[in-house]
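# Fold and geometry: a report
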Amino acid sequence: MKSGFTLLAAGVVISLSLAGCGASGDAAGSSGDGSIEVQTGLAVDSKLLSTLKEVTNSFQQANPTVKINLVPNSTTYEKDMKVRLASGNVPDIWWTHGWSRDRYSKFLLPLQNEAWATNFNPALSDAMKDSTGAFYAMPIDTDIAGIIYNKDVLDKAGVSVGTIKTWGDFETAAAAVKAHGVTPITVSGKANGPAGNLTDWISPGAYTKDELAQLKNGTFVGDKYKTVLDLVAKWRDQGYFNPDYASAATTDMDQALAQGQAAFIFSQNNRINNALQYNPKANLGFMPIPSLTSGPSYLVGGEMNAYGISKTSAHTEDAKKYLAYLAEPANESKLAQSAGSAPGLTNATANMGAVQASYDQWMTQAKTTLVPYFDRVYLPNGMWNTMVTTTDSIITKQSSVDAALGQVESDFKSLYGQGK
Amino acid sequence: MAETLITKPSPLPATTPPHVARRRRRKGGLVNLLYMPALLLFAVFTVYPLINGVGLSFTNWDGYSPEKAMVGLANYTRLFSDDTFRMVLTNTVVYGLGSTLFQQVFGLGLAMALDRPLRGRNAARAVIYLPVLVSPVIMGTMYYLLFGYNNGAFNDVVTALGMDRVAWLSNSTAAIAIIVAVNTLQFVGISMIIYLAGLQSIPSEYYEASMLDGARGWKQFTNITLPLLQPAFATSIVLNLIGGLKLFDVIKVMTGGGPGYSTNSVSTLIGVVYFDNQSAGYASAMGVVLFLMIVLFTLVLNSLLNRHRLEA
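Residues numbered from 1 in each chain as written. Chains lettered and ligands numbered in written order. Predicted model: local features only at pLDDT ≥ 70, side-chain atom pairs only at ≥ 80, totals over all residues.

Per an unreviewed UniProt entry, the recorded name for chain B is ABC transporter permease protein AmyD, and the organism is Arthrobacter liuii. One UniProt comment on chain B, placed under Subcellular location (unreviewed entry), says "Cell membrane". The record held by UniProt for chain B lists under Sequence similarities (unreviewed entry) the comment "Belongs to the binding-protein-dependent transport system permease family." (UniProt positions renumbered as here; feature names shortened; annotations may be inferred.)

An unreviewed UniProt entry lists chain A under the name Binding protein MsmE, with Arthrobacter liuii given as the organism. Taken verbatim from the UniProt record of chain A, the Sequence similarities (unreviewed entry) comment is "Belongs to the bacterial solute-binding protein 1 family."

### Structural notes on the packing of helix α9 (residues 222–237) of chain A against helix α16 (residues 384–395) of chain A
Residue and element names in this part refer to chain A. Contact geometry for α9 and α16: axes closest at 9 Å, N-to-C directions at 35 degrees. The hand of the α9/α16 crossing is right-handed. Residue-level contacts link Leu229, Val232, Ala233 and Arg236 of α9 to Thr391, Ile394 and Ile395 of α16. Here the contact of α9 with α16 is composed, by residue class, of 5 nonpolar, 1 polar and 1 charged. (Axes fitted to C-alpha atoms, helices over the stretch in contact; angles between N-to-C directions. Helix = DSSP H or I, 4+ residues; strand = E, 2+ residues; numbered from the N terminus. Left-handed = near helix turned anticlockwise from the far one by under 90°. Contact = placed C-beta atoms within 7 Å. Nonpolar A, V, L, I, M, F, W, Y, C, P; charged D, E, K, R; others polar.)

### Considerations on the confidence of the model for chain B
Residues and elements named next belong to chain B. Residues at a pLDDT of 70 or more form 94% of chain B, whose mean pLDDT is 89. Below pLDDT 50 for its whole length, residues 1–7 participates in 0 contacts with residues either more than four positions away or in separate chains. With a pTM of 0.79, the predicted complex shows an ipTM of 0.75. (pLDDT = per-residue confidence, 0-100.)

### A closer look at unusual backbone geometry
Its identity is not glycine, yet His97(A) carries a phi of approximately 35 degrees, on the positive side. Mapped onto the fold, His97(A) is located in the loop between β3 (93–95) and α4 (125–128). Residues other than glycine seldom take positive phi values, yet Gln278(B) does so here, at roughly 55 degrees. Within the secondary structure layout, Gln278(B) lies in the loop between α12 (266–276) and α13 (280–311). Judged by the 26 C-beta atoms lying within 10 Å of it, Gln278(B) falls in the buried class. (Buried ≥ 20, exposed ≤ 12 C-beta atoms within 10 Å, placed from the backbone.)

### Comments concerning the domain arrangement of chain A
Interface size is often expressed as the accessible area that is lost when the parts come together. Residues and elements named next belong to chain A. Per the domain assignment, the segments of chain A are domain 1 (28–143 + 303–358) and domain 2 (158–299 + 367–419). A C-alpha centroid distance of 28 Å is found between domain 1 and domain 2. Counting residues at the interface gives 13 residues for domain 1, matched by 15 residues for domain 2. Looking at side-chain class alone, the side of domain 1 that touches domain 2 contains 5 nonpolar, 4 polar and 4 charged residues. (Domains from an automatic or database assignment.)

### So, the sheet that holds strand β8 (residues 262–266) of chain A
Residues and elements named next belong to chain A. Read across the sheet, 4 strands follow the order β7-β8-β6-β9 without closing on themselves; strand pairing throughout is mixed. On the outer flanks of this sheet lie β7 (183–185) and β9 (284–287), each paired with one strand and no other. For this sheet, the mean inter-axis angle between neighbouring strands, taken without regard to orientation, is 25 degrees. Inspection of the sheet shows strand β6 (residues 147–150) paired to β8 by 3 bridges, in the antiparallel sense. Bridge assignment links Ile148 to a residue of β8, and that residue is Ile265. Packed on one face of the sheet, helix α11 (residues 270–278) meets β6, β8 and β9 and runs near 160 degrees to β9. (Pairing = 2+ DSSP bridges.)

### A word on the UniProt feature "transmembrane region" (unreviewed entry) in chain B
All names here are of chain B. When the UniProt feature table is mapped to this numbering, "transmembrane region" (unreviewed entry) covers residues 30–51, 93–114, 126–146, 166–199, 220–242 and 282–305. Helix makes up 82% of residues 166–199 and strand 0%, with an end-to-end C-alpha separation of 42 Å. From the first C-alpha to the last, residues 282–305 spans 34 Å; its make-up is 100% helix and 0% strand.

If you want it as C-alpha cells, here you go:
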C-alpha cells in the first residue's frame, strides 16, 4: 500500500511512453497525411531529382488521389535506411543504390511481373536478379564505369588511351604523365569510397571464373586478392597517387581532373559531370579497365539509380502505378538522361552528354564486356568498408600488403559466416 | 567493575501515531513521483539500450534484418584475436590517459595562475573555458582546417617558409597526438574550474601558519595544496578520463578514424563495425567491453584517489 499510488502512476507513465515508442502501425513508413514516402537518395541540387520532381508532378496531375512525397538525400542515407529497416519504420519506396537484391530484397516487393519488366535491361541481370529470376527495383539507369581520364593531360604526355590494354601499359602512361609534373591518379582518402574503388575496379580482372565462383560460395581466394593489393602498393611506391591523398575530398578529385592536375580517376561516371562544373571545357572520357590476367579489358557496372517498393507499404498498388509511370519510355529516357547514364529499360533512350562518346566507343562499337561490381556479387554484404580501409591503409603505408590481406580474409570469413 | 547500563535513544516512538505515519507515506509517495520522469528517461534511454546492447552482443545481427541468431560468446572470442580491435583499444587508452594527464597538468597550472589577484583574470578564465561550450564537431573542423594538406593554415606557413607541405594527419602517430592536443585544449577549462574551486576552498590560515614555520612555494604546494586538492583531483580525473575513453566527434571530423583504422577509438570503431561492416552483434560486444573498461578504470581510480585522500 505504501507505494501503491507511486507504482500506479509510474505504470501509467511507462505504459503511455512505451505505447508511443512502439506505435509503428500497419502503414509503416507512410507519411502521416497518407502520401507515399519516396526516399529518393538524391541530393537536393541534383539534376536527376529535379527531373524526378517534374515527372512526379505530371503523375500526380494524372492521378490526383495519389500523393507522392519525394524526400531528398541525407549524408547518412545508408545508415538512416538501416535504422529505419531495423525499427520497422520503412518508407513506401526507396533508392536501392546497387543493393536491391543483396541487402534489401527481404523488405521489397518482387517486380518481375510488372508490365514494364519485359524491357528490363539484360546488362543488369547479374547485378539485380536472384536465382529465380526475380528482381526488386525499377532501374532508372544502367551504371557503366571504367577509368575516367583527362584527354588533354594524356595528349600532353604523349599517351593515347587506345594503346592502354594492360596494367603495364597503364603504368607506362602513368609514368609519362608524372614526368610532365601531373598527378597520374587522384584519389580521396577522406571520403569513404574512392580508395575502395581502386580494388573494386581491379579485382574482377584478377580472378578466373572458377575462382569467382569460389568467392561466391564463401571460399576466400587470397593469393589473387594479394595481386590486386600488390598493384596498389606498387603505384604508391612509384608516386602515382596525389600527395594530398589523406586529406583530399571527392571535390578535390573533381577539381584536379577538371583543371588538368590529374590524369586518371577510378570512379563512376557521375564524377565526369561533377568535374565539368569546375571546368566545362575539360576534355574527359572513360576507358575500359585492363585485366590482371590475360583476359580482355572490361567495364564495371550494374544497378545505380533504382527504386523498390516496401512489402509493408499500405499503398503498394499506388506505388506500383507510380513506378510504372516512371518506367514509361518518355519518362525513363528523361530520368536516365538526367543521371547521365544509359537507361535501365531497353525501350528508353538517353543522350549521356559528356559520357556519350566514350559509351559509343567502348560499349556500342567495341562491345566491351560489362562485369558486375566485385564487392556486390563476390564478397559478403558488409565488405565494402573493409575494401576501403585496407586499400587506404596500403596507400598511406599504415599496413603491409600481407596485413591488409589478413584483414580482408578475416572480415570475409566472419561476414560470410554471419550472412549464413 | 560496576556495570553501566546504556540505552540507545530510539529514533522513533515505539508506536507512531497513525496520522503522522499517513503524512509521511504521502510525502514519500510525492517525492517518488517527482523523480519518476528522470528515472523513466534514464530507464528508456540508458538502461534499456544497455540491456539490449548486451543481448545483441551474443547474436550475429547485421543491424537491420528482421532475423538474428544467437552465437554465444563468439563475438567476444573474436575480439581477442582481432588485431584491429587491439590497436584501437590501445588508441582509446592513449586518448583517455593522454587527454586526462595533460588536462590535469595544464588545468592545475592555469588554476594556480588565475587564482592570484591578477588584472584581467576573469577574462582569462572565460577565454580558457569558452572552448568547452563549443561543439567538439566545430572544434574538430576548426583544427582540420588548420592542419589540412592543401588549404591548411599551418601548411600555408610552412610553404611561406619555403618548405614542402606536411601531411599532418596522414601519419597516425602525429594524428593521434594532434587529436589528444585538440581534446585537451577544448576541455582543459573544466579541469581549471574544478581546481579553482578546490584552491579557493583551502583556508588561507594553512598557508599563513606554514609560512611561520618557514615553508614557501614548492613545500607549501606539496604539503598543503596537493593534499587538500584530492577531492578536486578525484572529480577532474574521473570526468576527463571517461570523456577521453569515449572520444568520438573530434576523431570523426579530423581523420575519420584513418588512415586505415589507425586513429579510431573504440567508440568510432563501433560505428564503423555496426553500420559499415554490418556486424551489429560484434559492435555490441565492443560496446560492452568499452563499458566494462570505463567502469574498471573509474573504480580503480576512485579507489586509489580515495586511499590517498584518507592518508592525506
